[in-house]
Amino acid sequence: MSDQIPYLSDEELQKLMEDAEKENEIKAPDDLEDKVIARIVSIERKKTISFAGYCARVGFGVAAAIALLCIAPFASGSRMTEGGGTISVVEITEPAEPDTFFAREIPTKDEVLKGKEVRTKEEVLNSLKQPSPYEQLRSYFE
């Protein structure tokens, strides 16, 4: 069997095209256009409904968030409503205590690393040159 695919010559191709044009044309069904347009309209309608649902969900989420922001300060147990449900302004005459987080003592590098083994750059590079446990096992079984 040959690996070549038989092709039509230019004359044979031209004759085939002329014969196809002369024969009776096959007509598409009369309702094909209506079915295609109906299908496109159906798909577009589904997309529109889906997008409208998404917009409604986002809108309700935003409305709920805004409602919580408006209601939360007046809810019972809130720090803002202590003292009978009213908001009061307190005037501060003395400076507040310094923040303990920023005033704490920060240990130095030497204090942190004391008692721990610290390898030098050369030691780390030399350990990388040694065969890994996987390579050692592979060489053992070879």
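The rules behind these values
Residues numbered from 1 in each chain as written. Predicted model: local features only at pLDDT ≥ 70, side-chain atom pairs only at ≥ 80, totals over all residues. Heavy atoms only, no water. Helix = DSSP H or I, 4+ residues; strand = E, 2+ residues; numbered from the N terminus. Buried < 20%, exposed > 50% of the residue type's maximum accessible area, 1.4 Å probe, protein only. Areas by Shrake-Rupley, 256 points an atom, 1.4 Å probe, with all protein chains shown as cover. Salt bridge = Lys/Arg side-chain N within 4 Å of Asp/Glu carboxyl O. Patch = residues over 30% accessible without salt bridge, like charges linked within 9 Å, V, L, I, M, F, W, Y side chains within 5 Å. Phe/Tyr/Trp six-rings, centres within 6.5 Å; stacked < 30°, edge-to-face > 60°. pLDDT = per-residue confidence, 0-100.

Brief notes about the overall build of the protein
Phase 1 of the analysis: Summing up its helical and strand segments, the protein has six helices and zero strands in all.
Phase 2 of the analysis: Going from the N terminus to the C terminus, the protein shows its helices and strands as α-α-α-α-α-α.
Phase 3 of the analysis: Evaluated residue by residue, the protein yields a buried proportion of 1% over its 142 residues.
Phase 4 of the analysis: Carbon and sulfur atoms make up 60% of the accessible area of the protein, which amounts to about 14700 Å² in all.

A short note on the pattern of salt bridges
Two side chains of opposite charge can pair, provided their charged atoms sit close to one another.
Phase 1 of the analysis: Summed over the entire model, instances satisfying the criterion amount to two salt bridges.
Phase 2 of the analysis: For the salt bridge of Lys15 with Asp19, the shortest nitrogen-to-oxygen distance reads 3.2 Å. Of this pair, Lys15 and Asp19 both sit in helix H1 (residues 10-22), four residues apart, which is roughly one turn of that helix.
Phase 3 of the analysis: In this structure Asp19 comes out as partly exposed when scored by relative accessible area, which is 30%.
Phase 4 of the analysis: Between Lys35 and Asp31 there is a salt bridge, with the nearest N and O atoms lying 3.5 Å from each other.

Observations regarding a nonpolar patch on the surface
Phase 1 of the analysis: On the surface, a nonpolar cluster with roughly 490 Å² of combined accessible area is contributed by Phe51, Tyr54, Val58, Val62 and Ile66.
Phase 2 of the analysis: Topologically, Phe51 is positioned in helix H2 (residues 32-71).

As for the packing of aromatic side chains
Phase 1 of the analysis: Inspection of the entire model under this criterion finds two aromatic pairs.
Phase 2 of the analysis: An angle of 80° between the planes, with centres 5.2 Å apart, marks the rings of Tyr140 and Phe141 as edge-to-face. Neither residue differs from the other here; Tyr140 and Phe141 are each classed as exposed.

Section: the confidence of the model for the protein
Phase 1 of the analysis: In the predicted model, the protein carries a mean pLDDT of 79, and the fraction of residues at 70 or more is 75%.
Phase 2 of the analysis: Put simply, helix H3 (residues 100-103) is where the protein has its lowest mean pLDDT, 65, and H2 is where it has its highest, 93.

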